[in-house]
Amino acid sequence: KAGVTQTPRYLIKTRGQQVTLSCSPISGHRSVSWYQQTPGQGLQFLFEYFSETQRNKGNFPGRFSGRQFSNSRSEMNVSTLELGDSALYLCASSPGDGIAKNIQYFGAGTRLSVL
Amino acid sequence: GNSVTQMEGPVTLSEEAFLTINCTYTATGYPSLFWYVQYPGEGLQLLLKATKADDKGSNKGFEATYRKETTSFHLEKGSVQVSDSAVYFCALSDRQQTSYDKVIFGPGTSLSVIP
């Protein structure tokens, strides 16, 4: 079974631009969560989608948005990039329901650098 | 709300030393508890889990016991190896079946094992 795939692995943008990150979950998983990881703030939860609906959201500004498609693939968008958005963005998929609903499987992440 | 506290590193140990990484949690319900590990340049991966009080999770020589009376889930390993160098995250998720509570991660503990 293929793991969680995130693309691209590395991204360099300049302030004010926008960016879209992609995540393909493990086949059969309906939940996708996004996290921002930085040395100073650690791992911070952005949002979680289940069956195309956002069912949990962290404390990030509205510049951060996401969506999930009918095949469970998810995208995350950040508009008007700021220097502080430089981070490793991690995607995690999970079954979303059933006994193992909360076991998360992570991708390798997208490293975003904002110049 | 639910939260996870864990000892902050970095922790540096010699090979074959005994490892303990403390983790305590606050939760309103009956959470499931997890330890995830992140190796350099990779995403997080599940190391072990426990779903109810007194359960012991174990994997790759690591163990952790779910202690409800002390709200703790400390990670231990009897003899660490250089390959165990990584960041370790304690996490919880609420086990309520009728609603979903996002997985909450601790700040992570960096472990370096020297030969």
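Everything below is about the structure printed above this text.
Residues numbered from 1 in each chain as written. Chains lettered and ligands numbered in written order. Predicted model: local features only at pLDDT ≥ 70, side-chain atom pairs only at ≥ 80, totals over all residues. Heavy atoms only, no water.

Q: Before we go on, may I ask you to explain the state of the cysteines in this structure?
A: Two cysteines joined by a covalent bond between their sulfur atoms form a disulfide. Here the structure, examined in full by the defined rule, presents 2 disulfides over all chains. Note on cysteine connectivity: Cys23 of chain A is disulfide-linked to Cys91 of chain A, with sulfurs 1.7 Å apart. Here the S-S torsion is close to -55 degrees, and the disulfide linking Cys23 of chain A with Cys91 of chain A is therefore left-handed. With a gap of 68 residues between them, Cys23 of chain A in strand S3 (residues 19-24) and Cys91 of chain A in strand S9 (residues 87-94) connect regions that are remote in the sequence. The residues Cys23 of chain A and Cys91 of chain A share a single accessibility class, namely buried. In this model, Cys23 of chain B is linked to Cys90 of chain B through a disulfide, with the two sulfur atoms separated by 1.9 Å. On the sign convention where negative is left-handed, the bridge of Cys23 of chain B and Cys90 of chain B, at about -70 degrees about the S-S bond, is left-handed. Linking Cys23 of chain B in strand S4 (residues 23-26) with Cys90 of chain B in strand S10 (residues 86-93), this pair joins segments that are 67 residues apart in sequence. Given the relative accessible area of 1%, Cys23 of chain B is considered buried. Cys90 of chain B sits in the buried class, given a relative accessible area of 1%. (Disulfide = S-S within 2.5 Å. Helix = DSSP H or I, 4+ residues; strand = E, 2+ residues; numbered from the N terminus. Buried < 20%, exposed > 50% of the residue type's maximum accessible area, 1.4 Å probe, protein only.)

Q: Even after reading the chapter, I still don't get the packing of aromatic side chains, so can you show me in this structure?
A: How two aromatic rings sit relative to each other is given by the distance of their centres and the angle of their planes. The full count for this structure, using the stated rule, is 12 aromatic pairs over all chains. Between Phe106 of chain A and Tyr36 of chain B, the ring centres sit 5.8 Å apart and the planes meet at 80 degrees, which makes this aromatic pair edge-to-face. Taken together, the positions of Phe106 of chain A in strand S10 (residues 105-106) and Tyr36 of chain B in strand S5 (residues 32-38) put the pair across two chains. The interplanar angle of 45 degrees and the centroid separation of 6.1 Å between the aromatic rings of Phe34 of chain B and Tyr36 of chain B together place this pair among those described as tilted. Judged by its relative accessible area of 0%, Tyr36 of chain B falls in the buried class. Each member of the aromatic cluster is reached from another via a ring pair, and the members are Tyr35, Phe45 and Phe106 of chain A together with Phe34, Tyr36, Phe89 and Phe105 of chain B. Above the ring of Phe50 of chain A, the side-chain terminus of Arg55 of chain A is found at 4.1 Å from the ring centroid. (Phe/Tyr/Trp six-rings, centres within 6.5 Å; stacked < 30°, edge-to-face > 60°. Lys NZ or Arg CZ within 6 Å of the ring centre and 35° of its normal.)

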